[in-house]
Amino acid sequence: MSSGRAKYGSAPWLLALAASALAFALYLPALRHEFVNFDDYDYVTKNPYLGLPFGDFIKWAFSSYWCSNWHPVTWLSLRLDHLIWGLNPTGYHLTNIVLHAANTFMTALVAHRLFGFVLAEGKAVIAAVTVALLFAVHPLHVESVAWVSERKDVLYAFFFLSSLWFYISHAAKPRRRYYLLAVAAFSLSVMSKPMAVTLPVILLIIDYYPLGRLKTASGAINMRALRDKLPFVALSLIGSVMTLIAQRQGIVHVNQLSFIDRALIAIEGLFLYLGKAFLPVSLSPFYPLPKSISMLDPVTIFAAALFTALTVASILLRRRQPALAAAWGYMFVSLVPVLGLVQVGAQAAADRYMYLPLLGPLFLLGAVGVWFHDRVGMKWWLAANIAAVTLLSVATLGQTGIWRSSTALWQRVVENHPQSSIGYSSLGYSLYEKGLHGEALANLDKAVDIAASEKIGPSKTDRYVIQRGKILLKLKRYDEAYRDMSHAIELRQDDPDFLWERGNLLLEVKRFNEALADFSRAVSLDNRHVPSLNSMGQAYLASGQYVMAIQAFGKALEIEPQDGSILANLGIAHEYNGEPSASIQYFQRAARLGFGPAQAYLHRKGMKW
């Protein structure tokens, strides 16, 4: 082994750098992409917390379940981008691309170390290069890299792979610092995305093969290998609990999907993931839940048969072909959190979920690459790799373009899934943002019609009706807008957002008492509903009730003390109430937070802040 390493020297590192450079170059077109109306608004553009003072932000990042997730390290990463780039999407995309390049580099190193336990050095290099190149350019990775909100994916993967590398290094030659670094990297991975919680089981799998650490030379269970997992298990449990708390509102209830239904969706999901790993065509940014679920569906039967065959083959061939068992076990275990056994959200599957699980099939392809090289030689091996990388790169470039804008993204979804209510709704919203209100309305009509026939998963009709109402309001079709918003409230009477939306309509048409009634009802449902408190203040302000306006804005400010718009509204209310000194103080506080209208107001008055 040592002579082999001496012969190849720094080649593994240089090849890892080359693969990562390819990964970086391939995604450069994404630097021109916009933010999209698929979580990016909640994560970045309309996230009121990214601009908090650093101490307050740290407290929020570690205690918040914003967007039904607990991932403080991801929030810290986005906060850093926000400090550097503001709301320029180029910088956020650049960070994602750099992280994907880094993950490609780490993939090459991890693959080289793992293959090095069972192959000669030269063959380990060949296998690792194959894995890294395919990882760099595979189209299944586009969603994780070209979508800003999936920062959590590329970030958790970097720490996950780093933890693996340190653990493998510790296993090869026990060193306390490597072990501690593995645990530290894993803790950062768990705090970046909950999918990381599977690492303890993954470590057991690689202990089985190729590390061979599960048993001692005498055949007894290696207790040290098991003890090594205890800190990882503890961190995994903490991450799992925090995630379940964060996502409790997004979990589809059992009365909507039975356990059998979820199991069938999971089996079909595995079939989809495995198929797209080897034949990445018809990729979609969103895969909706099926219209119906049946054990007699041909796709379900085939998927169940394939799952059973692979599992049985892995067990029966575990001694002769342990690589198959390890690769299949790795892919299955790493996908368990997102297979839908605990159904969160309205998607049946997602390309992003395969970012790291794809390594299972890729490692098998790495082994096949060695076999192919041994039989045809270096020239044909290179030709095959170049051909594969070229084809996959072209597919990746095409798939990356789909994420250039919200409209392009959702147009692809409705092309692939013409019965997707979410697709039409989101496409409609993107057209609405472009000012294409007529086209937006047509798409919302389709979304409402389709949602009425959907029986799987939570009903979304109320959301689409309220969105259609907002578009009708923009078109000043007030009666129709009021009818839609009222219908949405009837469908979901406990949603303060719907009451707030209707209240804003009533405020616009100067029906102040009715607007205040809606805002008050929203606050009674959620006494920390800042949008309703803020709008309540505006209603009082518009109706000349300045003291009441100050009280409403004040309550909103207690909840969001760093919100520049609320501070400016308080400034206006105090000015109207004949309190110029208090008014200026609020405007100055808002200006110091970077609120543009407050800065412009003070500038006109020749005042500093």
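All of these numbers come straight from a predicted model, not from anything done at the bench.

Novice: Explanation requested: the nonpolar core in the structure shown.
Specialist: Among soluble globular proteins, nonpolar side chains are generally buried collectively. The biggest cluster of nonpolar side chains holds 163 residues, and the ones touching the most others in it are Leu164, Phe232, Leu335, Leu356, Leu359 and Trp403. If sequence neighbours within four positions are ignored, Leu356 has contacts with Phe135, Tyr156, Ala157, Phe160, Leu161 and Tyr330. Core analysis: the second largest hydrophobic core is formed by 13 residues, Phe35, Tyr43, Leu50 and Tyr92 among them.

Novice: Help me understand the confidence of the model for the protein, please; the structure alone is not making it clear to me.
Specialist: Low pLDDT marks regions whose predicted coordinates should not be analysed in detail. Residue-level pLDDT values for the protein average 92, and 95% of them are 70 or greater. Across the protein, the secondary-structure element scoring lowest on mean pLDDT is helix H1 (residues 2–8), at 53, and the one scoring highest is helix H8 (residues 142–146), at 98. Note that pLDDT drops below 50 for residues 250–255; the model gives that stretch 12 contacts with residues more than four away or on any other chain.

Novice: Would you mind going over the packing of helix H11 (residues 199–208) against helix H13 (residues 230–246) with me for this structure?
Specialist: The relative placement of two packed helices comes down to the angle between their axes together with the axis-to-axis distance. Between H11 and H13, the least distance of the axes is 8 Å, while the angle of their chain directions is 150°. From H11, Leu199, Pro200 and Leu203 reach across to H13, where they touch Phe232, Val233 and Ser236. The residue makeup of the contact of H11 with H13, split by class, is five nonpolar, one polar and no charged.

Novice: Would you mind going over unusual backbone geometry with me for this structure?
Specialist: Leaving glycine aside, a negative phi is the common case for residues, and trans is the common case for peptide bonds. The peptide bond linking Tyr209 to Pro210 adopts the cis configuration, its omega dihedral lying at 15°. Mapping Pro210 onto the fold places it in the loop between H11 and helix H12 (223–227). With a phi angle near 80°, Asp39 is a residue other than glycine that sits in the positive phi range. Tracing the sequence through the fold places Asp39 in the loop between helix H2 (11–26) and helix H3 (40–45). The backbone of Ser282 shows a phi angle near 55°, a positive value even though the residue is not glycine. By relative accessible area, which is 57% here, Ser282 ends up exposed.

Rules of the game
Residues numbered from 1 in each chain as written. Predicted model: local features only at pLDDT ≥ 70, side-chain atom pairs only at ≥ 80, totals over all residues. Heavy atoms only, no water. Core = buried A, V, L, I, M, F, W, Y, C linked by side-chain atoms within 4.5 Å. Buried < 20%, exposed > 50% of the residue type's maximum accessible area, 1.4 Å probe, protein only. Contact = heavy atoms within 4.5 Å. pLDDT = per-residue confidence, 0-100. Helix = DSSP H or I, 4+ residues; strand = E, 2+ residues; numbered from the N terminus. Axes fitted to C-alpha atoms, helices over the stretch in contact; angles between N-to-C directions. Nonpolar A, V, L, I, M, F, W, Y, C, P; charged D, E, K, R; others polar.

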